Amino acid sequence: MSGAAASPQALAGLKVIELGQLIAGPFAARTLADFGADVIKVEAPEGGDPLRKWRLLKDGTSVWWQVQSRNKRSIALDLKEPQAQDIVRQLVREADVLIENFRPGAMEGWGLGPEALHAINPRLIMLRISGYGQSGPYRDRPGFGVVAEAMGGLRHLTAEPGHVPVRVGVSIGDTLAALHGVIGVLVALQHRHATGQGQVIDMALYEAVFNCMESLLPEYSAFGVVREPSGSALPGIAPTNAYRCADGGYALVAGNGDSIFKRLMAAIGRPDLASDAQLADNAGRVARVTELDAAIGEWTSERTVGEVLAALDAASVPAGRIYTVADIAADAHYQARGMLQSVTMADGSELAVPGVVPKLSLTPGAHRRNAPALGQDTDQVLKEIGLSGEQIAALRQRGIVN
């Protein structure tokens, strides 16, 4: 398949057990898998991870699944069954990392909480992702990414002033929590390298969102300011906005650096603004942002998006268009950076999937293996921990594995 690994994998030899489903936990595990970790995904025998059926399906399986579960192995276990819980304990003996995103208390109810697992393997790193974390008054509430985005402060800002706040359009809260979780795993691995000790990473969805809210809290603390929605502008930084063009499209222009602002004003034919001493720094520009937006908008309204971008590129002013996925799929830079990869599906058809990030010079990640069918690797994984074919057959007959 395209993108197959030809270089050493940075996380080769790392064994990860994934007990989560849907987005946050599996995204974290996929990120580790992209860089060589052996991720064993544990799914329910009936139906597996619900993501298999989310959004658009090809031959009965979500194409999103092909991204979220690439490079993983799948085993099907009914975690409500004591024998399945025993299998998880056996897997944990040789595991480096366990990832779960169930509601707090679920793992403890199965006898798979941190104390129990660390008694088996003190070196285990356990990443726990939940809506509100493993402690606090909200810990037992069900929490999805959309709720976390609201609680973390993001949803209040994603609107035009006076209009209903809108969601980002992707599960950004889950993804932010997953990436923070991966950071936690890598930090914990470094600590384990020094001490031999595993630990628990408690990652709350809302905290991952809140961690990205920049100056929101200190501005409230120092000045009592509650930041309000500002549409496509960025409050307190000017000029930066989306400007309508003659062809009906929008150009995103970021002229908020002092020298960049002067180049922008020269490019739009406003040398008077470029030389205005009141506009020499950001504070002065913020005070007159309405005037600046009007000047830039008047200039863009007489030009197509392409003409605007060509002029601003020549002036070394950061600017861009709003991409649809069709624009992304046709973009030469995406292609040159390896961000548009093609994988061959089981039926021989080709599917475009995102490339791997971040890009490492010596040990880059890669798409090594397509997303597995439900329970595709059950027999192999169970044999690796010492179960015989007869034992596996007996478990399958009872519906404990698939």
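All of these numbers come straight from a predicted model, not from anything done at the bench.

Colleague: Even after reading the chapter, I still don't get the sheet that holds strand β11 (residues 319-321), so can you show me in this structure?
Modeller: Where strands meet in a sheet, backbone hydrogen bonds hold them as pairs that are either parallel or antiparallel. Spatial strand order, β9-β10-β11: three strands in an open sheet with antiparallel pairing. At either margin of the open sheet sits one strand with a lone partner, and together these are β9 (240-244) and β11. Pairwise comparison of adjacent strand axes, ignoring direction, gives a mean angle of 25 degrees for this sheet. Pairing of β9 with strand β10 (residues 250-254) involves five bridges; the strand directions are antiparallel. The partner of Asn 241 across the bridge, within β10, is Val 253. Where helix α14 (residues 305-314) meets the sheet, its contacts fall on β10 and β11, and the angle it forms with β11 comes to roughly 155 degrees.

Colleague: Is there a simple way to explain the packing of aromatic side chains in this structure?
Modeller: How two aromatic rings sit relative to each other is given by the distance of their centres and the angle of their planes. Under the defined criterion, the tally for this structure stands at five aromatic pairs. Ring centres 5.1 Å apart and planes at 90 degrees place the aromatic pair Phe 102 and Trp 110 in the edge-to-face group. When sorted by exposure, Phe 102 lands in the same class as Trp 110, which is buried. For the ring pair Tyr 132 and Tyr 206, a centre distance of 6.3 Å and an interplane angle of 35 degrees mean the geometry is tilted. Taken as a pair, Tyr 132 in the loop between β7 (125-130) and α6 (145-151) and Tyr 206 in helix α8 (residues 205-210) lie far apart in primary sequence, 74 residues in all. By relative accessible area, which is 10% here, Tyr 132 ends up buried.

Colleague: Help me understand the layout of surface pockets, please; the structure alone is not making it clear to me.
Modeller: Here the idea is plain: a probe the size of a water molecule rolls over the atoms and shows the empty space left. The calculated volume of the largest pocket comes to roughly 1400 Å³. Forming the boundary of the largest pocket are 36 residues, of which Trp 64, Val 67, Val 170, Val 325 and Pro 354 lie nearest the centre. Breaking the lining of the largest pocket down by element, the ones donating at least two residues are α1 (24-34), α2 (63-68), α7 (172-195), α15 (325-330), β12 (340-344) and β13 (350-354). Across the lining of the largest pocket, the residue classes tally to 24 nonpolar, eight polar and four charged.

Colleague: Could you clarify how one ought to interpret the environment of Pro 372 in this entry?
Modeller: By the secondary structure assignment, Pro 372 is in the loop between β13 and α17 (378-384). C-alpha separation for the pair Pro 372 and Asp 347, spaced 25 residues apart in sequence, amounts to 14 Å. If we skip the residues at most four places from it in the chain, Pro 372 touches Arg 52, Trp 65, Ser 69, Lys 72, Arg 73, Ser 74 and Asp 377.

Colleague: What exactly am I supposed to notice about α7 here?
Modeller: Because the α-helix completes a turn every 3.6 residues, residues three or four places apart line up on one side. A rise of 1.5 Å per residue sets the reference length of α7, with its 24 residues, at 34 Å; its end C-alpha atoms lie 34 Å apart and thus fit the reference within 8%. Where α7 is concerned, the buried positions are Gly 173, Asp 174, Leu 176, Ala 177, Ala 178, Gly 181, Val 182, Gly 184, Val 185, Ala 188, Leu 189 and Arg 192. Looking at the buried positions of α7, the neighbouring elements they touch are α1, β6 (97-100), β7, α6, β8 (200-204) and α8.

Colleague: When you look at a nonpolar patch on the surface in this model, what are you seeing that I'm missing?
Modeller: Together, Phe 210, Leu 217, Tyr 220 and Val 226 give the surface a local cluster of nonpolar side chains, amounting to about 400 Å² of exposed area. Along the polypeptide, Val 226 turns up in the loop between α9 (216-223) and β9.

Colleague: Please clarify how the nonpolar core should be interpreted in this entry.
Modeller: When a protein is soluble and globular, its nonpolar side chains tend to lie buried together. If you look at the biggest cluster of nonpolar residues, it comprises 34 residues, and the most contacted ones within it are Val 16, Leu 32, Ile 99 and Leu 127. Counting residues per element, the ones that place at least two in this core are α1, β6, β7, α7, β8 and α8. In terms of residue count, α7 provides more of this core than any other element does, seven residues in total. Apart from the residues lying within four places of it in its own chain, the contact partners of Val 16 are Leu 32, Ala 37, Asp 38, Val 39, Ile 40, Val 97 and Ile 99.

Colleague: Hey, could you run me through the sheet that holds strand β1 (residues 15-18) in this one?
Modeller: With parallel pairing, the six strands of this open sheet are ordered in space as β5-β2-β1-β6-β7-β8. The outermost strands of the open sheet, each flanked by one partner alone, are β5 (72-76) and β8. The average undirected angle you get between the axes of adjacent strands in this sheet is 20 degrees. For β6 and β7, the ladder comprises four bridges, and the chain directions are parallel. Of the residues in β7, the one forming a bridge with Leu 98 is Met 126. Running over the sheet, α7 touches β6, β7 and β8 and is turned about 160 degrees from β7.

Colleague: Would you mind showing me how to read the side chain of Ser 69 here?
Modeller: Residue position: Ser 69 is located in the loop between α2 and β5. Filtering out sequence-adjacent residues up to four positions away, Ser 69 remains in contact with Lys 41, Ala 371 and Pro 372.

The rules behind the values
Residues numbered from 1 in each chain as written. Predicted model: local features only at pLDDT ≥ 70, side-chain atom pairs only at ≥ 80, totals over all residues. Heavy atoms only, no water. Pairing = 2+ DSSP bridges. Helix = DSSP H or I, 4+ residues; strand = E, 2+ residues; numbered from the N terminus. Axes fitted to C-alpha atoms, helices over the stretch in contact; angles between N-to-C directions. Contact = heavy atoms within 4.5 Å. Phe/Tyr/Trp six-rings, centres within 6.5 Å; stacked < 30°, edge-to-face > 60°. Buried < 20%, exposed > 50% of the residue type's maximum accessible area, 1.4 Å probe, protein only. 1 Å grid on protein atoms, 1.4 Å probe; cavity = no way out; pocket = protein on both sides within 12 Å on 5 of 7 lines; lining within 4 Å. Points joined across faces, edges and corners; volume = space filled by probe spheres on them. Nonpolar A, V, L, I, M, F, W, Y, C, P; charged D, E, K, R; others polar. Expected span 1.5 Å × (residues − 1). Patch = residues over 30% accessible without salt bridge, like charges linked within 9 Å, V, L, I, M, F, W, Y side chains within 5 Å. Areas by Shrake-Rupley, 256 points an atom, 1.4 Å probe, with all protein chains shown as cover. Salt bridge = Lys/Arg side-chain N within 4 Å of Asp/Glu carboxyl O. Core = buried A, V, L, I, M, F, W, Y, C linked by side-chain atoms within 4.5 Å.

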